[in-house]
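Survey of secondary and tertiary structure
Residues per chain are reported as follows:
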Amino acid sequence: MQASRLESGGYIDRNSSIEFFFDGRSLTGYRGDTLASALLANNVSMVARSIKYHRPRGILSAGLEEPNALVACVDEAGNLIPNLKATEVWLQPGLKAHSQNNWPCLKIDVGALLQLFSRFLSAGFYYKTFMWPPSGWPRVYEKLIRQVAGQGRVTLGADQKYYDRRQTRCDTLVIGAGSQGIVEALAASGRNESVLLVDQDSRVGGSSQWDLQPGDAGNQQQWLKQKLIQLEQASNIRCMANTLAFGQYDHGLVLAVEQHTSGVHSIYWRIRAKRIVLATGSIEQPLIFPGNDRPGIMLAAATRQYIYRYAVKPGRRAFLAIIDPADRAATATALVHAGVEIVGELGEGEVISATKGRYRLKMVCVFSRHGQQKIYQCDLLCVSAGWSRNSDLSAQIGKDRFEVAGNSQNQAHGGGAWSFVDYQNDVQCSDIESAVHEGFSHVEHTKRYTTVGMGTDQGKTSWYGTTQALADLTGRQFGSISRTTMRPPYSPVSFGALAGANTDQHMVPVRRSPFHSVLEKYRCVFQTSGEWLYSRYFPVADESMIDAVCREVFAVRNAVGCVDMSTLGKVDVKGADAIRFLSRVYCNDIENIQAGRLRYAVMLREDGMVFDDGTVSCLAENHFLITMTTANSAAVWRWLNRLLQVHWPELDVQLTLVTDHYASLAIAGPNARSLLADMSPEFGCNRDDFPFASVRTGWLDEKVSCRVFSLSYSGELSFEINVPARHAHWLYQRVIELGADHGVTPYGLEALDVLRIEKGHLAVGTEIDGRTTAQDLGLGNMVATHKDYIGASLLQRPVLKDTNRLQLVGLVPVDDTRDIPTGAQLVDRKWCAGDVMNSIGRMTAVINSPTLGCSIGLALLKHGHHRFQDTLWAASPIENRSTEVRVVDRCFYDPGGSRLRD
Amino acid sequence: MLLIPCPNCGERDEGEFNYGGRARVFPPIEKTASVEDWHRSIHFASHEQGQVHEYWYHHGGCECWIEVKRNLHNHEIAAVNATRSDTDRSGT
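What counts and how
Residues numbered from 1 in each chain as written. Chains lettered and ligands numbered in written order. Predicted model: local features only at pLDDT ≥ 70, side-chain atom pairs only at ≥ 80, totals over all residues. Heavy atoms only, no water. Helix = DSSP H or I, 4+ residues; strand = E, 2+ residues; numbered from the N terminus. Buried < 20%, exposed > 50% of the residue type's maximum accessible area, 1.4 Å probe, protein only. Areas by Shrake-Rupley, 256 points an atom, 1.4 Å probe, with all protein chains shown as cover. Phe/Tyr/Trp six-rings, centres within 6.5 Å; stacked < 30°, edge-to-face > 60°. Pairing = 2+ DSSP bridges. Axes fitted to C-alpha atoms, helices over the stretch in contact; angles between N-to-C directions. Contact = heavy atoms within 4.5 Å. Buried area = accessible area lost by both parts, 1.4 Å probe. Salt bridge = Lys/Arg side-chain N within 4 Å of Asp/Glu carboxyl O. Polar contact = N/O pair within 3.5 Å; in protein donor to acceptor, adjacent residues only side chain to side chain. Nonpolar A, V, L, I, M, F, W, Y, C, P; charged D, E, K, R; others polar. pLDDT = per-residue confidence, 0-100. Lys, Arg positive; Asp, Glu negative; His and termini not counted. Patch = residues over 30% accessible without salt bridge, like charges linked within 9 Å, V, L, I, M, F, W, Y side chains within 5 Å. Parallel < 35°, antiparallel > 145°, perpendicular 65-115°, else oblique. Left-handed = near helix turned anticlockwise from the far one by under 90°.

1. With respect to the overall build of chain B
Within chain B, the secondary structure is distributed over one helix and six strands. Along the first, second and third principal axes, the C-alpha atoms of chain B reach 40 × 40 × 20 Å. Looking at the 92 residues of chain B, the share that counts as buried comes to 36%. Of the roughly 5,000 Å² of accessible surface on chain B, 49% is carried by carbon and sulfur atoms.

2. Some thoughts on the packing of aromatic side chains
One pass over the full model with this rule turns up 18 aromatic pairs over all chains. Relative to Phe-719 of chain A, the ring of Phe-690 of chain A lies with its centre 5.1 Å away and its plane at 55°, an arrangement referred to as tilted. Of the two residues, Phe-690 of chain A is situated in the loop between helix 17 (672-678) and strand 35 (694-700) and Phe-719 of chain A in strand 37 (residues 718-724); the sequence distance between them amounts to 29 residues. Judged by relative accessible area, Phe-690 of chain A falls into the buried class, the value being 0%. With a centroid separation of 5.2 Å and 75° between ring planes, the pair formed by Phe-26 of chain B and Trp-38 of chain B is classed as edge-to-face. One end of the pair, Phe-26 of chain B, is in the loop between strand 3 (18-22) and helix 1 (35-43); the other, Trp-38 of chain B, is in helix 1, and 12 residues separate them in sequence.

3. As for the sheet that holds strand 6 (residues 80-85) of chain A
Residues and elements named next belong to chain A. One open sheet accounts for five strands, arranged 2-1-7-5-6; its pairing is mixed. Looking at the sheet topology across the chains shown, the edges are occupied by strand 2 (25-31) and strand 6. Pairwise comparison of adjacent strand axes, ignoring direction, gives a mean angle of 40° for this sheet. Pairing of strand 5 (residues 70-74) with strand 6 involves four bridges; the strand directions are antiparallel. Paired with Val-71 across the strands is Leu-84, a residue of strand 6.

4. Quick notes on the side chain of Ser-45 of chain A
With respect to the helices, strands and loops of the structure, Ser-45 of chain A is situated in the loop between helix 1 (35-41) and strand 3 (48-49). Once residues within four sequence positions are removed from consideration, Ser-45 of chain A is found in contact with Arg-57, Gly-58, Ile-59, Pro-295, Tyr-359 and Arg-360 of chain A.

5. Some details on the environment of Gly-770 of chain A
With respect to the helices and strands, the residue Gly-770 of chain A is situated in the loop between helix 19 (749-759) and helix 20 (792-795). Setting aside anything within four residues of it in sequence, one finds Gly-770 of chain A in contact with Arg-605, Met-609 and Val-610 of chain A.

6. Re the interface of chain B and chain A
On the side of chain A, 35 residues touch chain B, which itself brings 33 residues to the contact. For the pair chain B and chain A, the summed buried area comes to about 3,100 Å², and 52% of that belongs to carbon and sulfur atoms. Put simply, chain B and chain A have three salt bridges between them. Close ionic contact of Arg-270 of chain A with Asp-13 of chain B constitutes a salt bridge, the shortest N to O distance being 2.7 Å. In this assembly, chain B and chain A are joined by 14 residue pairs in polar contact (both at pLDDT 80 or more). Among the secondary structure elements, those contributing two or more residues to the side of chain B that touches chain A are strand 2 (10-13), strand 3, helix 1 and strand 4 (51-57) of chain B. The dominant element in the side of chain B that touches chain A, judged by the number of residues it contributes, is helix 1 of chain B, at five residues. Looking at side-chain class alone, the side of chain B that touches chain A contains 14 nonpolar, nine polar and 10 charged residues.

7. Some words on helix 10 (residues 443-450) of chain A
All names here are of chain A. Most of helix 10 is tucked away, with six of its eight residues classed as buried. Regarding helix 10, the residues found buried are Val-443, Glu-444, Thr-446, Lys-447, Tyr-449 and Thr-450. At the exit of helix 10 stands Thr-451, carrying a positive phi of roughly 65°.

8. What to know about the environment of Val-610 of chain A
Residue and element names in this part refer to chain A. Tracing the sequence through the fold places Val-610 in strand 31 (residues 610-620). By relative accessible area, which is 2% here, Val-610 ends up buried. It is 77 Å that separates the C-alpha atoms of Val-610 and Val-364, two residues lying 246 residues apart in sequence. Those residues in contact with Val-610, other than ones at most four positions away along the chain, are Val-602, Met-603, Leu-604, Ile-768, Gly-770, Thr-772, Thr-773, Ala-774 and Leu-777.

9. Quick notes on the sheet that holds strand 32 (residues 623-628) of chain A
Pairing between sheet strands relies on hydrogen bonds along the backbone, with the strands arranged either parallel or antiparallel. All names here are of chain A. Reading across from one edge, 30-31-32-29-33 is the order of the five strands in this open sheet, with antiparallel pairing throughout. The sheet is open, and its two borders are formed by strand 30 (598-604) and strand 33 (654-657), each paired with just one other strand. Direction aside, the axes of adjacent strands within the sheet are offset by 30° on average. Note: strand 29 (residues 569-574) against strand 32, six bridges, orientation antiparallel. Looking at the pairing, Asp-572 lines up with Leu-625 of strand 32.

10. Digging into the pattern of salt bridges
Overall, the coordinates contain 46 salt bridges over all chains when judged by the stated rule. We note a salt bridge from Arg-24 of chain B to Glu-606 of chain A, for which the minimum N-O separation is 2.9 Å. In this pair, Arg-24 of chain B is assigned in the loop between strand 3 and helix 1 and Glu-606 of chain A in the loop between strand 30 and strand 31, connecting two distinct chains. The partly exposed category is assigned to Arg-24 of chain B, whose relative accessible area is 22%.

11. Observations concerning the environment of Leu-196 of chain A
Residues and elements named next belong to chain A. Its location among the elements puts Leu-196 in strand 9 (residues 195-198). Residue Leu-196 is classed as buried on the basis of its relative accessible area of 2%. The sequence separation of Leu-196 and Ala-559 amounts to 363 residues, and the corresponding C-alpha distance is 68 Å. Excluding anything up to four places from it in sequence, Leu-196 contacts Thr-168, Cys-170, Thr-172, Leu-173, Val-174, Arg-238, Met-240 and Ile-271.

12. With respect to the confidence of the model for chain A
Detailed reading of the predicted coordinates is not advisable wherever pLDDT falls low. All names here are of chain A. The pLDDT averaged across chain A works out to 92; a share of 98% of its residues lies at or above 70. By mean pLDDT, the top-scoring element of chain A is strand 32 (98), and the lowest-scoring one is helix 2 (residues 125-129) (71). The low-confidence segment residues 401-410 (pLDDT under 50) makes 37 contacts with residues lying over four places distant or belonging to another chain.

13. Considerations on the side chain of Arg-642 of chain A
As for its position among the elements, Arg-642 of chain A is in helix 16 (residues 633-647). With no salt bridge to any partner, buried Arg-642 of chain A finds its closest opposite charge in Glu-606 of chain A, at an N-O distance of 5.8 Å. A distance of 3.0 Å separates a polar side-chain atom of Arg-642 of chain A from the backbone oxygen of Gly-20 of chain B. Excluding residues that lie within four positions of it along the chain, Arg-642 of chain A makes contacts with His-647 of chain A together with Gly-20, Arg-24, Tyr-55 and Trp-65 of chain B.

14. Some thoughts on a nonpolar patch on the surface
Residues and elements named next belong to chain A. Together, Trp-103, Val-110, Leu-113, Leu-116, Phe-117 and Phe-120 line one region of the surface with nonpolar side chains, adding up to about 700 Å² of accessible area. Tracing the backbone shows Leu-116 in the loop between strand 7 (96-99) and helix 2. Exposure remark for Leu-116: the relative accessible area of 63% places this residue in the exposed category.

15. Describing the packing of helix 9 (residues 429-437) of chain A against helix 10 of chain A
Residues and elements named next belong to chain A. Where helix 9 contacts helix 10, the two axes come as close as 10 Å, and the packing angle between them is 120°. When the axis of helix 9 is compared with that of helix 10, the two are oblique. For the crossing formed where helix 9 meets helix 10, the hand is right-handed. Counted together, Asp-431, Ile-432 and Ala-435 of helix 9 and Thr-446, Tyr-449 and Thr-450 of helix 10 form the full contact between these two elements.

16. A short note on the pairing of strand 4 of chain B
Residue and element names in this part refer to chain B. In terms of burial, strand 4 is a largely internal element, five of the seven residues being buried. The pairing of strand 3 with strand 4 spans three bridges and is classified as antiparallel. From the neighbouring strand, Arg-22 faces strand 4, where its bridge partner is Glu-54. Judged from the seven bridges that link them, strand 4 and strand 5 (residues 65-71) form a sheet pairing that is antiparallel. By the bridge assignment, Glu-54 is partnered in strand 5 with Val-68.

17. Examining unusual backbone geometry
All names here are of chain A. In this structure, Pro-104 follows Trp-103 across a cis peptide bond, with omega equal to 5°. Considering the arrangement of structural elements, one finds Pro-104 in the loop between strand 7 and helix 2. Non-glycine residue Asn-83 carries a positive phi angle of around 60°. Assignment of secondary structure puts Asn-83 in strand 6. Unusually for a residue other than glycine, Ala-693 sits at a positive phi of about 65°. Relative to the helices and strands, Ala-693 is located in the loop between helix 17 and strand 35. Exposure remark for Ala-693: the relative accessible area of 15% places this residue in the buried category.

Here's what the structure looks like:
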């Protein structure tokens, strides 16, 4: 039984009755209804409590401008979605909607007591009240305010709905499918353009479908019907209903969200259009008078829409306060059509002085020009101050900021208690007044001080009133006050829609090394490192990570280990000028490198700071392979390309990125050479045939081509075996199989890090952090003095030669049973909790060294290279402790390097 | 988000490119080159408004650096050039 549903008419499907629930109460509506129209049909007029004063609120509008009727709905997964506008929620069978912002229930709400204190809750209340003492903020005020503030509650379950993201382009994009939009779309179609027509409503046609002009004998509908047929027939027009274009960006980019009622919940569209036509219409503005927020007060055009579109009778006795005569006449016609009695109209020079009615409007008091008061008993008050042109989308890209109102007429703003200019944020006229009196009279200041227009409706029904109030209060012209900066989204868009399908694993693409599947077999624990999924450690049985890492390190130091090095960036460099190019790019001497040899090399930025490190291998004359760190490989690749394409186009050099072409496995440890020999490579493996810092090319087992590099990151004798990526599985199995006799142990990133810190090798991000020079890092003797390379000029700067710079050193605890805290700052004296001291450096890496049996660390220390054997303190305010440490060389293990030359 | 007309690939979304800063003089790297030239090039870059020349790298397409003439006031792109002639790329 829908008490307020008209017998006939409307764009609803009376054959499909839908049951839904509001605050647990079972109600029925029809397909084609919004939650708002269905509630009105069931005579439910109060649907919400306002945010600040908990005032009873009803339904003001029939579209996305709705400031009052915010509800929470339960989605398919049982999650509560807060702050949905009842005017935008399409009725679905079994829909469960709840009112918000009230306790214990909508009608009896304890929060409504706040109205009694309203005079203390004026604009800027928080700023003024919670100023002092400052320590009160985190402890008391914030908690208190968070309890009371906010609208709606979110359930913390994962969003189970499906979202998609698509792109399209067109010649002409028409936003708004009302009569104007349809005309524009057809015109563009006639010019043979591809046209996209979008509208956030579920129906194409806009208000002309139902908003009948009085005396129009069906001409308008006939016209529309014809146009809709033309739209359908035009093959170059695509109509997208339920699609909200919410943002306009540079170069014709428009973002839109298409809502679906079944299947995919919504689709996020990126539309590139050569031309954009805004046919976004206007939004009707309410009047400002005391008590203008009661349930039963409705915008005039919304009243007409509820009557004609949804066949709802919005009240029984109506009073009209509509400025524009044509709108007034149209509304009166609609009300008569619905059988609503019109008890009166607001005449020239009259003002509404008060409204009464606790949960729904009961009467309106009107003051005439001569001071006489008239009282009208009514339950519906249709208001309209005029229309404000909807220019948000053009204002977003900086156009039309001054066009506040379209054909609106000046209407002096009312005052007095409960005269709201912004319903959603409960901003009253008096708040605007106090903002102006306190100096916040620029519209941007007024907005921030009073929160006007900062709700989910973004002030669609409040800018007109605010601007008018500001104009009156400051004596400025109405038209001279611009709107505040408008930014996307035009209307709220859910995070789910923006994220689309890019959630969880799909957020960032995962790069897997060619060894990935075989590593999984060896119970590898993976970790993400940038885009890469990298092997971290290989636990045996129920071993902990620390135990596993110690075992892996021990194996490398005493037998042999194998580690995946495929993520290192690799670039193949060819051409007559290849060595000239590389010599300019790297700061150390590489010009005399022989075929079959490789060299550690450091690349500087233009300003002389270390950019990246890696190796340069000479494969043949004019043919090199260079490696770069995993983290920097994209940046180095870009940089090398830039040098060749932009700055040195005269050089004959060809670059090929081959990172993904090779599976690269390093075998490291004293047994590495014998293990390599067992793999029967084509080339000789003894120390004279294959010395340290060499590269050999040939076949393994006579069937797999390989490149083997003798280099070391771990400090042990080590060979990096590269095979075409498709042979990764074979290589790994082969190394494990043949390595069994040599004690081969797979190791991962954690053990690699321990090994390199013991050896004092550098890592990008910790030691190579963009602020250190080669000299700072202890590589000063590597930097060539007689050649030209990038960074050489600015490396001459005196400041970079200052010995007081932070320099890389090693640190050991004075008492080797104590640990050095990670991320510690270095200070000269013992640090105790609360001490304020000047830091003279910082730790970059700290580990418990299984090889040395104590805690060790690398650190950047002021004047560090001249402070060996000094004692300092490593202080960590986070761990609340400090440890006394001694400065040593950064290389803790085998400083002479005899092991890797074995 | 800009639509950048790559001379090799056509109009592509800004997301396919890396910004490479304003186009600038790259001083010679010879030792004899003055430190001042390098300072001017990277520390005292001009920040004029309006029409500027910039480098963009098309990582999502041809992997070429291009030079874009763009108006900072309205993002209008007046011209785009490939920075390297293709004649000296034989062998790739």
